[in-house]
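Coordinate analysis (summary)
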Amino acid sequence: MKKRSEFLSAFLFVLPALLVYLFYFIIPIPTSAYYSLFNWNGISPDMQFLGFGNWIALFNDPVFWKSFINNITLVIASILIQLPLALLLALLVSSRLKGNKLFKLLYFVPMMLSAVAIGMTWNFIYEPNYGLLNSLLSGVGLESLTRGWLGDPNLALGAVIVAICWQYIPFYMVIFTAALAGIPGEIMDAAHIDGASKVQSFFLITVPLLSNTIKMASVLSLTGSLKYFALIFVMTLGGPNHASELMATYMYKQAFTTFRMGYGSTVAVFIFLISFLLTVIVLRIGRRRALANG
Amino acid sequence: MASTHFRSRISITRLAVYILAILWLLIALYPFVFLVQNSLKRLMEFFTGNVWKLPEVFSLVNYIEVWTSNFPRFLFNSAFVVSISLALLLLAGSSAAYGLSRLKFRFSRVFYYLFVGGMTIPVHITLIPVYIITRRIGLYDSLWALIGPYIAFNMPITVFILVSFMGGIPKSLEEAAYIDGSTKWQNFWHIVLPISRPAMTAVGIYNSVILWNDFIFPLVLISARTKRPLTLALWNFQGEFGSDVPTIMAALILSMIPLLIFYAVTRERLIEGLVAGAIKG
């Protein structure tokens, strides 16, 4: 009897958080899976059961696969562009640069602003007539390179990726700066005495010592890129002609623009499953490595 | 001879470091300078003149136009939603973290993993059900519609950080109080919560930025103009002001000011909070 009252009084501490969490976060997950079996506009009481019809349609939907490939392109480009530049910046702000604290603070400004504000700012950078980029190019005599960056299907995805990298590089810079501060100075001094040049000690000592941080940053970049939505939504709406479509923008448009809630749910469940799969794989690899090392 | 050679190499590296550091400073911040300098121009000057030039007459007319287009209302909406969500999130989150970390009861591990598992789940899976539920319970198009989802979505990281902090507080502190007849609630409120202030501050800073910047929930749950939080209002300014580019730029700058002030106050703590929150999440 005493045990039960102990349980209840402890459980009461958890209850409020648990109720809100179940209601808005956990229960919606199976609900989405359920909706994905129907043809439904979200409002009318008439839900037409399709079985796996939406799923079959999804696997035959070229626009969906385009958005999937774009997501993968985004992941790879993010890792390849963001991490090296972030490491370079981390080296800059960790060096004996005067005012390095101030540099770090100022570099971080884009990271804490909203994706909406960043997306709109980049719209003004890419705008064809008065945009910052085109006026810079014509200012230095490269008029032939000016173009409508976001309007060109071949360039739109790349242009959006540049904006994403610009916003997220300072984030990885901070991670690398913290890791660099953890490398003991004696190691570098010893390498220096042994005659290693700065470049040599960077590639032979710093990079190997940072390998765990680099892996963690890649994982963050990987899982984060499946969630990118607002910046792309504000900049291109996934256009032109789905050139910069991502799974998240496609899901939003299916559900809330054309009100195909069933099909939108199917895309949402797919995003969920992919994230889940990636997380499991990453955790597995991490555990295997921990076992191998331990 | 060798030493002068060495010194000149050092100063070349130092020069390169400064050049790179200033180059990135321009890349990171010039876009904002561009916005400020053009937001101060009148429409005619903007379209006929050179975007690199400073305004001939510094005019605040665009800022006044934004301010009188309900801007204070949007600011209030954001502040209202963020402060209520944050207060409830911290209250429910810290109490749950106390229960999970300091009162070992049946299934407490299960609940802990249920919360923490949410950190890896993308928000999109819940959007449609949340939209439908919000309509059914009659909260659609109200600021209150945002508060439930905001509490729920930031609960995992909040619980995770607070549990790991509270787990490290020595048991003996509470045991003495129990002997003096204090209840669990009193221990939580008077002993554990005050000690947890550093963790609460970190979680609070992280969540305020994340909530303030959120766009997807207002996009899905709010439609009336007067109910918009700042991010949604800003996005809609693009359509409302159409080709009045300097005014949109003024809106952008105005929308950034609250966060920049917050950043100026919190500085490194904001950076650390954002990075720690993301790494753990």
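Sequence order as written defines residue numbering, which begins from 1 separately in each chain. Labels are handed out in written order, letters beginning with A for the chains and numbers beginning with 1 for the ligands. Totals for whole chains, interfaces and linings use all residues, but because this is a predicted model, local features are given only for residues with pLDDT of at least 70 and pairs of side-chain atoms are given and counted only at 80 or more.

Remarks on the overall build of chain B
Helix and strand labels come from DSSP, where a helix needs a run of H or I of at least four residues and a strand needs a run of E of at least two; each type is numbered from the N terminus. Regarding its fold elements, chain B presents 14 helices and zero strands. Ordered by position from the N terminus, the helices and strands of chain B form the series α-α-α-α-α-α-α-α-α-α-α-α-α-α. Against the 2.2 N^0.38 benchmark of 19 Å for 281 residues, chain B shows a C-alpha radius of gyration of 25 Å, more extended than a compact globule. Based on the C-alpha atoms only, the size of chain B along its principal axes is roughly 75 × 75 × 35 Å. Whether a residue is buried, exposed or partly exposed follows from its count of other C-beta atoms within 10 Å of its own C-beta, namely 20 or more, 12 or fewer, or something in between, respectively; the C-beta atoms are built from the backbone. Taking all 281 residues of chain B together, 44% fall into the buried category. Radius of gyration here uses only the C-alpha atoms, and the compact-globule reference equals 2.2 Å multiplied by the residue count raised to the power 0.38.

Some words on the overall build of chain A
Per the secondary structure count, chain A includes 15 helices and two strands. Judged by the C-alpha coordinates and their principal axes, chain A covers about 75 × 75 × 35 Å. In chain A, buried positions account for 39% of the 294 residues. Here contacts are defined at the residue level, using C-beta atoms placed from the backbone and a cut-off of 7 Å between them. Across chain A, every contact between residues at least 6 apart in sequence was considered, and the portion connecting residues at least 24 apart equals 68%.

Digging into the interface of chain A and chain B
The interface is formed by 70 residues belonging to chain A together with 70 residues belonging to chain B. Ranked by residue count, the leading element in the side of chain A that touches chain B is helix H1 (residues 2–26) of chain A, at 14 residues. Grouping the amino acids of the side of chain A that touches chain B by side-chain chemistry returns 53 nonpolar, 14 polar and three charged. For this classification, the nonpolar set comprises Ala, Val, Leu, Ile, Met, Phe, Trp, Tyr, Cys and Pro, the charged set comprises Asp, Glu, Lys and Arg, and every other residue, Gly included, is treated as polar.

Regarding unusual backbone geometry
Residues and elements named next belong to chain A. The residue after Gly239, namely Pro240, is reached through a cis peptide bond having omega -10°. Considering the arrangement of structural elements, one finds Pro240 in the loop between helix H13 (230–235) and helix H14 (247–256). Look at His242: it is not a glycine, yet its phi comes out positive at around 65°. Along the chain, His242 turns up in the loop between H13 and H14. The backbone of Phe259 shows a phi angle near 55°, a positive value even though the residue is not glycine.

Overview of the nonpolar core
The nonpolar core criterion groups buried Ala, Val, Leu, Ile, Met, Phe, Trp, Tyr and Cys residues into a set whenever they are joined through C-beta atoms within 7 Å. Judged by nonpolar contacts, the single largest core of 165 residues is most densely connected at Tyr172, Met173, Leu231 and Ile271 of chain A together with Val159, Leu234 and Leu252 of chain B. With 17 residues, helix H9 (residues 156–181) of chain A is the largest single contributor of residues to this core. When near neighbours in sequence (up to four residues on either side) are disregarded, Ile271 of chain A contacts Leu226, Met247, Ala248 and Met251 of chain A together with Pro122, His124 and Ile125 of chain B.

Section: the confidence of the model for chain B
Caution applies to low-pLDDT regions: their predicted coordinates should not be interpreted in detail. A residue's pLDDT is the predictor's confidence in that residue, given on a scale from 0 to 100. The share of residues in chain B with pLDDT of 70 or more is 96%, and the mean pLDDT across the chain is 89. No element of chain B has a lower mean pLDDT than helix H14 (residues 268–280) of chain B, which averages 81, and none a higher one than helix H11 (residues 216–221) of chain B, which averages 96.

A short note on the environment of Asn241 of chain A
All names here are of chain A. Counting through the fold element by element, Asn241 comes out in the loop between H13 and H14. Accessibility expressed as a C-beta count within 10 Å gives 11 for Asn241, which makes it exposed. Distance from Asn241 to Gly151, taken between C-alpha atoms, is 9.6 Å for residues 90 residues apart in sequence.

Examining the packing of helix H4 (residues 62–94) of chain A against helix H12 (residues 211–225) of chain A
Working note: a packed helix pair is described by the angle between its axes plus the distance between those axes. Residue and element names in this part refer to chain A. A fitted line through C-alpha atoms serves as each axis, taken over the contacting stretch for helices, and the angle formed by two N-to-C directions is quoted from 0 to 180°. Between H4 and H12, the least distance of the axes is 9 Å, while the angle of their chain directions is 145°. The way H4 lies across H12 gives a crossing that is right-handed. Where H4 abuts H12, its residues Asn71, Leu74, Val75, Ser78, Ile79, Gln82 and Leu83 lie against Ile214, Ala217, Ser218, Ser221, Leu222 and Ser225. For the contact of H4 with H12, the residue count by class is seven nonpolar, six polar and no charged. Crossings are sorted by hand: turned counterclockwise from the far helix by less than a right angle, the near helix makes the crossing left-handed, and turned clockwise it makes it right-handed.

Some words on the domain arrangement of chain B
All names here are of chain B. How far each domain reaches was decided by an automatic or database domain assignment. On domain assignment, one finds that chain B holds domain 1 (2–62) and domain 2 (69–280). If you average the C-alpha positions of domain 1 and of domain 2, the two centres end up 35 Å apart. Where the side of domain 1 that touches domain 2 is concerned, the elements lending two or more residues are helix H1 (2–39) and helix H2 (43–48). For the side of domain 1 that touches domain 2, the element with the highest residue contribution is H1, accounting for four residues. Of the residues in the side of domain 1 that touches domain 2, the class split is four nonpolar, three polar and one charged.

Quick word on the environment of Lys227 of chain A
Looking at the element boundaries, Lys227 of chain A is found in the loop between H12 and H13. Its 17 C-beta neighbours within 10 Å are what place Lys227 of chain A among the partly exposed residues. The spacing of Lys227 of chain A and Ser138 of chain A is 89 residues in sequence and 36 Å in space, taken between C-alpha atoms. Each residue touching Lys227 of chain A, except ones within four places of it in the same chain, is listed here: Ala248 of chain A together with Pro122 and Val123 of chain B.

Topic: the packing of helix H7 (residues 144–166) of chain B against helix H10 (residues 197–213) of chain B
Residue and element names in this part refer to chain B. Two elements in contact, H7 and H10, have axes separated by 10 Å at closest approach and are oriented at 160°. By the angle class used here, H7 and H10 are roughly antiparallel. The chirality of how H7 crosses H10 is right-handed. Side by side, H7 and H10 meet where Tyr150, Asn154, Thr158, Ile161, Leu162 and Phe165 of the first sit next to Ala199, Ala202, Val203, Asn207, Ile210 and Leu211 of the second. Of the residues in the contact of H7 with H10, the class split is nine nonpolar, three polar and no charged. Should an angle fall under 35 degrees it is taken as roughly parallel, and over 145 as roughly antiparallel, whereas 65 to 115 is taken as roughly perpendicular and any remaining angle as oblique.

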